Amino acid sequence: MEKAAGATTKVVRKAMPWFGMDIGGTLTKLVYFEPKDITPGELDQEAKILRNIRRYLTKHSAYGRTGHRDIHLQMDDVEIRGRRGSLHFIRFPTAEMDKFLALAKKKGMAQLVTTVCATGGGAFKFEDNFKEEVNMKLAKFDELDALIKGILFTETHNPCECYYWEDASDISVSSKKKFDFSQPYPFILVNVGSGVSVLAVRGPDNYKRISGTSLGGGTFLGLCCLLTGCTTFEEAIQLATKGDHTKVDKLVKDIYGGDYERFGLPGDLVAASFGQMNLVDRQASVSREDLANATLVTITNNIGSIARMCASNEKIDRVVFVGNFLRVNPISMKLLAFAMDYWSKGTLKALFLEHEGYFGAIGCLLQFNGELNAHVDNEGDLLT
């Protein structure tokens, strides 16, 4: 029987979640999977709008003023749900979510994508916005489950994912060295986003949240904006790299005149963060850079202290730090590496991962198990 003119044929394709999102309190991380094993039949059926979306996402490194694709993190020749392709990594401030939704509407994403995998607090906060503004449904996943799954997948597919800092005691000469993380368990996982969560991970499905702190990347950015007038995380980090926290903090030697030998406290150790700022003459002498550096050191030292105590309590000697607080932030990574080694007398090792804050987005994309229902018209265009 011939098909009536203008009729459509329903096609159910194996689920392929093109997008995974981790919507954090400060930054939204978007992972886009671009399949490279497209068959001639699929190419014939693919709509022009889908080709335009793909071209837009993969050919640009910046989207507006605040969206960026981290080209250096792109992963090629990876397999997800039986399809082989590339993973692209895009980030933008969560405060700009309205602009992202406007872009999705303008580019026609909602005409082809009905469900987006999402995790993080924003998956709940913005659920109605996605539905009302672009008619997209958010398939929500637990952020800690997604985080673990994303780390394990990425480390398996990227042999250079895990590294440590050698000679971290001297920031000017320390260098990155590859670390074999193929046998990861057990390890402490410190996820530094707007706030901080600390997990003890003993297996892929065996982990627990053991601690955390509200003083994280969001605290650093918020305080830097107040103290220095900066407006972005990148600007805050740039200021911090040029500053000297010892002009702001009170050190052990400022109190004891040198080392506190009885308890092994060196003179250049911070005794009181911002402890000099109660003095008017010191307030007048510090720069924006000094304040940014002191803020960074304060937040980092707090995170390092909590991580070290958690590792000691759990009797685990490897501590993995992830999260967007570490992006473009070698100062904190080296401070954490030095602190772990120094205060544990060499028994703890600080490890870092190249994809930092994207693991939640990867993990929720991997877990999606829905189906993409579509119609293909007589001319081969894919319609939702």
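Residues numbered from 1 in each chain as written. Predicted model: local features only at pLDDT ≥ 70, side-chain atom pairs only at ≥ 80, totals over all residues. Heavy atoms only, no water.

An unreviewed UniProt entry annotates the chain as pantothenate kinase of Aedes aegypti. Listed under Pathway (unreviewed entry) in UniProt, the entry text for the chain is "Cofactor biosynthesis; coenzyme A biosynthesis; CoA from (R)-pantothenate: step 1/5." Taken directly from UniProt, the Sequence similarities (unreviewed entry) text for the chain runs: "Belongs to the type II pantothenate kinase family." (UniProt positions renumbered as here; feature names shortened; annotations may be inferred.)

## Things to note about the overall build of the chain
If you tally the helices and strands in the chain, you get 14 helices and 20 strands. Looking at the 384 residues of the chain, the share that counts as buried comes to 48%. Partitioning the contacts of the chain with sequence separation of at least 6, the portion at a separation of at least 24 is 67%. Within the structure as shown, the chain displays about 18,500 Å² of accessible surface, and the carbon and sulfur contribution to it stands at 50%. (Helix = DSSP H or I, 4+ residues; strand = E, 2+ residues; numbered from the N terminus. Buried < 20%, exposed > 50% of the residue type's maximum accessible area, 1.4 Å probe, protein only. Contact = heavy atoms within 4.5 Å. Areas by Shrake-Rupley, 256 points an atom, 1.4 Å probe, with all protein chains shown as cover.)

## Focus: the pairing of strand β14 (residues 206-213)
Alignment of strand β13 (residues 196-203) against β14, held across seven bridges, turns out to be antiparallel. Looking across to β14, one finds that Val196 is bridged to Thr213. (Pairing = 2+ DSSP bridges.)

## Quick word on helix α14 (residues 359-367)
Among the nine residues in α14, seven count as buried, and that is most of the element. Among all positions in α14, only Phe359, Gly360, Ala361, Ile362, Gly363, Cys364 and Leu365 are buried.

## Description of the nonpolar core
By size, the foremost hydrophobic cluster in this structure holds 39 residues, and its most contacted members are Val190, Phe220, Ile303, Phe321, Phe325 and Phe352. It is helix α12 (residues 288-314) that provides the largest number of residues to this core, a total of eight residues. Residue contacts for Phe321: discarding those within four places in its chain leaves Val190, Ile303, Ala307, Leu326, Leu336, Met340, Ala350, Leu351, Phe352 and Leu353. Judged by nonpolar contacts, the second largest core, of 26 residues, contains Met21, Tyr63, Met109 and Val116. (Core = buried A, V, L, I, M, F, W, Y, C linked by side-chain atoms within 4.5 Å.)

## As for the state of the cysteines
All chains considered together, the criterion is met by zero disulfides. Cys230 supplies the cysteine sulfur nearest to Cys225, a cysteine that is in no disulfide, at a spacing of 4.2 Å. Cys225 sits in the partly exposed class, given a relative accessible area of 29%. (Disulfide = S-S within 2.5 Å.)

## Considering unusual backbone geometry
Residue Pro186 is bonded to the preceding Tyr185 through a cis peptide linkage, with omega at -10 degrees. Topologically, Pro186 is positioned in the loop between β11 (175-178) and β12 (187-192). The phi dihedral of Glu356 is positive, around 40 degrees, even though this residue is not glycine. The residue Glu356 is located in the loop between β18 (349-353) and α14 in this model.

## Topic: the sheet that holds β12
Taken together, the seven strands give an open sheet; going across it, the order is β11-β10-β18-β17-β12-β13-β14, and neighbouring strands pair in mixed fashion. Lying at the two open borders of the sheet, with one neighbouring strand each, are β11 and β14. When the angles between neighbouring strand axes are averaged without regard to direction, this sheet yields 30 degrees. (Axes fitted to C-alpha atoms, helices over the stretch in contact; angles between N-to-C directions.)

## Considering the pattern of salt bridges
Counted under the stated rule, the structure contains 14 salt bridges. As a salt-bridge pair, Asp70 and Arg91 come within 3.0 Å of each other at their nearest N and O atoms. With a gap of 21 residues between them, Asp70 in the loop between β5 (67-69) and β6 (75-80) and Arg91 in strand β7 (residues 83-93) connect regions that are remote in the sequence. The closest approach of N and O atoms between Glu314 and Arg202, which form a salt bridge, is 2.8 Å. Of this pair, Glu314 sits in helix α12 while Arg202 sits in strand β13, and the two are 112 residues apart along the sequence. Look at Glu314 and you get buried, because its relative accessible area is 17%. (Salt bridge = Lys/Arg side-chain N within 4 Å of Asp/Glu carboxyl O.)

## Digging into a negative patch on the surface
On the surface, Asp98, Asp128, Glu132 and Glu133 cluster together into a negatively charged patch. Here the negative patch takes three residues from helix α6 (residues 127-134), the largest share from any one element. With respect to the helices and strands, Asp128 occurs in helix α6. (Patch = residues over 30% accessible without salt bridge, like charges linked within 9 Å, V, L, I, M, F, W, Y side chains within 5 Å. Lys, Arg positive; Asp, Glu negative; His and termini not counted. Charge placed at Lys NZ, Arg CZ, Asp CG, Glu CD.)

## Focus on a nonpolar patch on the surface
Side chains of Leu223, Leu226 and Leu227 sit close together on the surface and give an oily, nonpolar patch of about 300 Å² of accessible area. Along the chain, Leu227 turns up in helix α8 (residues 217-228).

## Notes on the packing of aromatic side chains
In total, this model carries 17 aromatic pairs according to the counting rule given. Residues Phe89 and Tyr358 carry aromatic rings whose centres are separated by 5.0 Å and whose planes lie at 65 degrees to one another, so their mutual orientation is edge-to-face. One end of the pair, Phe89, is in strand β7; the other, Tyr358, is in the loop between β18 and α14, with 269 residues separating them in the sequence. Of the two residues, Phe89 and Tyr358, both sit in the buried class. (Phe/Tyr/Trp six-rings, centres within 6.5 Å; stacked < 30°, edge-to-face > 60°.)

## Observations concerning the side chain of Glu161
Along the chain, Glu161 falls in the loop between α7 (143-157) and β10 (162-166). For the buried residue Glu161, which engages in no salt bridge, the nearest side chain bearing the opposite charge is Lys176, 9.4 Å off. Among all residues touching Glu161, those that are not within four sequence positions of it are Thr154, Glu155, Phe352, Leu353, Glu354, His355 and Phe359.

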